[in-house]
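Fold and geometry: a report
What follows is the residue order along each chain.
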Amino acid sequence: MQHPATRAGRREWLGLAVLTLPCVLYSMDMTVLVLALPQIAAALQPSPAQQLWIVDIYGFLVSGFLIVMGTLGDRIGRRRLLLWGAAVFAAASVFAAFASSAAMLVVARAVLGVAAATLAPSTLSLIRNMFLDERQRQTAIGIWVAGFSAGGALGPFVGGLLVTHFWWGSVFLVAVPLVLPLLVVGPRMLPEFRDPHAGR
């Protein structure tokens, strides 16, 4: 029988709720542009190549930097990397929302991809450290996966709703209110962890 000290309490479950927000955001940005592309094309007049980069560069850089960011989190602290990544993600989202050219939007999406690569490994590593009980950890990871899946599914719906009532940049600004709770509550709610034997 597990010792009660190894079981997560209210603080850990609230921390999980905070960690789920960047997961929703991380995956939602993969699909939120789908219905905004016609407005973006009309406003910024991207070339066919630029339009492809606007859509694809985010996913390319997320995939390319996942392992790098996971290792970096082990070295400098997983909570620290998560908070820095979330702050950069929010700033890049504002930059993307007010981009005045296709090239600016491509650059903003590239920065978003690198910042997003900090979110998945940091959140999952923190969950692993916060939930020591195996059953609780399985439940916590299930919630994390559900948040990731929900974000991808909600992206087109949220994007379509926003471009119907606002301008195309609003699909990026939606990230800001999702990041703010993490930046405000995270430093007090989430523990810090480092790997003393982190590799290069």
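One can find the structure itself at the top, above this paragraph.
All values reported here derive from a predicted model rather than from experimental measurement.

1. What to know about a nonpolar patch on the surface
Residues Val-88, Phe-95, Val-107 and Val-111 make up a contiguous nonpolar surface patch of about 300 Å² in total accessible area. Put simply, the parts of the chain that give the nonpolar patch at least two residues each are helix 4 (78-97) and helix 5 (102-116). Along the polypeptide, Val-107 turns up in helix 5.

2. Overview of the packing of helix 4 against helix 6 (residues 119-130)
Where helix 4 meets helix 6, the closest approach of the two axes is 9 Å, and the angle between their N-to-C directions is 145°. The handedness of the crossing between helix 4 and helix 6 comes out as left-handed. Every residue of helix 6 that contacts helix 4 at Arg-78, Arg-79, Leu-81, Leu-82, Gly-85, Ala-86 and Phe-89 is listed here: Leu-119, Ser-122, Thr-123, Ser-125, Leu-126 and Asn-129. When the residues that make up the contact of helix 4 with helix 6 are grouped by side-chain class, the tally is six nonpolar, five polar and two charged.

3. Description of the environment of Ile-127
Inspection of the secondary structure assignment puts Ile-127 in helix 6. Taking relative accessible area as the criterion, Ile-127 reaches 0% and is therefore assigned buried. Linking Ile-127 and Gly-15, residues 112 residues apart in sequence, is a C-alpha distance of 8.8 Å. Those residues in contact with Ile-127 that sit more than four places away from it in its chain are Leu-16, Leu-19, Ala-140, Ile-141 and Trp-144.

What counts and how
- All residue numbers here refer to positions counted from 1 along the written sequence of the relevant chain.
- A pLDDT threshold of at least 70 governs which residues receive local features in this predicted model, and a stricter bar of 80 or more applies before side-chain atom pairs are shown or counted, although totals over entire chains, interfaces and linings include all residues.
- Think of the side-chain values as coming from all heavy atoms in the structure, minus any hydrogens and water.
- Only residues whose relative accessible area exceeds 30% and that form no salt bridge are eligible for patches; like-charged ones are grouped when within 9 Å, while nonpolar side chains (Val, Leu, Ile, Met, Phe, Trp, Tyr) are grouped when within 5 Å.
- Areas reported as accessible are Shrake-Rupley estimates using a 1.4 Å probe. Residue values count occlusion only from the protein chains shown.
- Salt bridge, as used here, is a side-chain nitrogen of Lys or Arg placed within 4 Å of a carboxyl oxygen of Asp or Glu.
- Comment: elements are numbered from the N terminus, with helices defined as DSSP H or I runs of at least four residues and strands as E runs of at least two.
- Note on definitions: angles span 0 to 180 degrees between N-to-C directions of axes, and those axes are lines fitted to C-alpha atoms, for helices only across the stretch in contact.
- Here a crossing is called left-handed whenever its near helix is offset anticlockwise from the far helix by less than a right angle, and right-handed whenever the offset is clockwise.
- The criterion used for residue contact is that any of the two residues' heavy atoms lie within 4.5 Å.
- When residues are grouped by polarity, Ala, Val, Leu, Ile, Met, Phe, Trp, Tyr, Cys and Pro land in nonpolar, Asp, Glu, Lys and Arg in charged, and all others, Gly among them, in polar.
- Burial classes: relative accessible area under 20% of the type maximum marks a residue as buried, over 50% as exposed, and values in between as partly exposed (1.4 Å probe, protein chains only).

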